[in-house]
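Topology and contacts: notes
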Amino acid sequence: GAVVSQHPSWVICKSGTSVKIECRSLDFQATTMFWYRQFPKQSLMLMATSNEGSKATYEQGVEKDKFLINHASLTLSTLTVTSAHPEDSSFYICSASRGAGRTDTQYFGPGTRLTVL
Amino acid sequence: AQSVAQPEDQVNVAEGNPLTVKCTYSVSGNPYLFWYVQYPNRGLQFLLKYITGDNLVKGSYGFEAEFNKSQTSFHLKKPSALVSDSALYFCAVRDMYKVIFGTGTRLQVFP
């Protein structure tokens with residue numbers, strides 16, 4: 001149980017285009033979903049937290065107009081990178097949690113490798 | 001603010017030997033601590049967590065972690081390392097609304 005999927009697993013796009021990444025909790029309902037960004041050989045950087053049916057909460061320094069997050073249902077959250085540029089190239093990982101409490105475990109998706117040319 | 005520190009960038013161990021990956025924490029209030037493992041180009045996999053109760057927590061793949069309040073540590077351990085354990089390991093602490101990760105420790109198990 002507690003499986004989280006991401007689609008696509010990798011994507012290459014041209015500079016200036018938009019890319020959508022999906023995150024799904026396959027066997028549980030996720031009250032909260034998180035989006036992370038990971039640079040090579042570095043830890044995960046939290047970008048935003050999304051709760052179903054409400055606006056995402058973005059971390060300081062993350063452009064909400066550039067990284068659009070939609071948590072449309074209890075099993076699906078999407079991250080759209082708008083007007084992508086080469087510096088947006090990174091490994092994007094989502095996670096999902098059944099609850100919002102501090103003891104709830106986050107389960108992570110396999111990640112999406114974005115390369116912007 | 002909550003934080004965790006992983007003092008070692010890399011740990012090398014021979015297959016069959018015991019392994020320890022270190023983590024220390026700084027929290028206000030009760031600590032909720034987690035260990036995750038990441039294989040190359042993959043997301044993180046949950047190994048174990050400490051919420052309350054026994055100081056020795058058993059997790060997936062034969063891993064365990066010892067919570068030590070006096071030393072504010074939560075070291076990850078395994079009695080006998082496997083080559084397949086080679087990966088990146090993250091210690092994490094749950095803040096009110098989010099999980100805060102350490103910088104990661106790369107474990108290399110040599111045959």
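All of the points below concern the structure found in this document.

Basis of the calculations
Residues numbered from 1 in each chain as written. Chains lettered and ligands numbered in written order. Predicted model: local features only at pLDDT ≥ 70, side-chain atom pairs only at ≥ 80, totals over all residues. Heavy atoms only, no water. Pairing = 2+ DSSP bridges. Helix = DSSP H or I, 4+ residues; strand = E, 2+ residues; numbered from the N terminus. Axes fitted to C-alpha atoms, helices over the stretch in contact; angles between N-to-C directions. Contact = heavy atoms within 4.5 Å. Buried area = accessible area lost by both parts, 1.4 Å probe. Salt bridge = Lys/Arg side-chain N within 4 Å of Asp/Glu carboxyl O. Polar contact = N/O pair within 3.5 Å; in protein donor to acceptor, adjacent residues only side chain to side chain. Nonpolar A, V, L, I, M, F, W, Y, C, P; charged D, E, K, R; others polar.

**What to know about the sheet that holds strand 7 (residues 67–73) of chain A**
Residues and elements named next belong to chain A. With antiparallel pairing, four strands are arranged side by side in an open sheet as 1-3-8-7. Every other strand in the sheet has two partners, leaving strand 1 (4–7) and strand 7 as the edge strands with one partner each. Neighbour to neighbour, the strand axes of the sheet diverge by 15 degrees on average, direction disregarded. Pairing analysis gives five bridges linking strand 7 to strand 8 (residues 76–81), with the strands arranged antiparallel. In the sheet register, Leu68 faces strand 8, and the bridge partner there is Thr80.

**Some thoughts on the interface of chain B and chain A**
Across the boundary between the two partners, chain B contributes 24 residues, which contact 24 residues of chain A. Summing both partners gives a buried area of about 1900 Å² for chain B against chain A, and 51% of it is carried by carbon and sulfur. The tally of links between chain B and chain A comes to zero salt bridges. Seen at the junction of chain B and chain A, the total is five residue pairs in polar contact (both at pLDDT 80 or more). When residues of the side of chain B that touches chain A are traced back to their parent elements, those giving at least two are strand 5 (33–38), strand 6 (44–50), strand 10 (87–94) and strand 11 (99–101) of chain B. Of the residues in the side of chain B that touches chain A, the class split is 12 nonpolar, seven polar and five charged.

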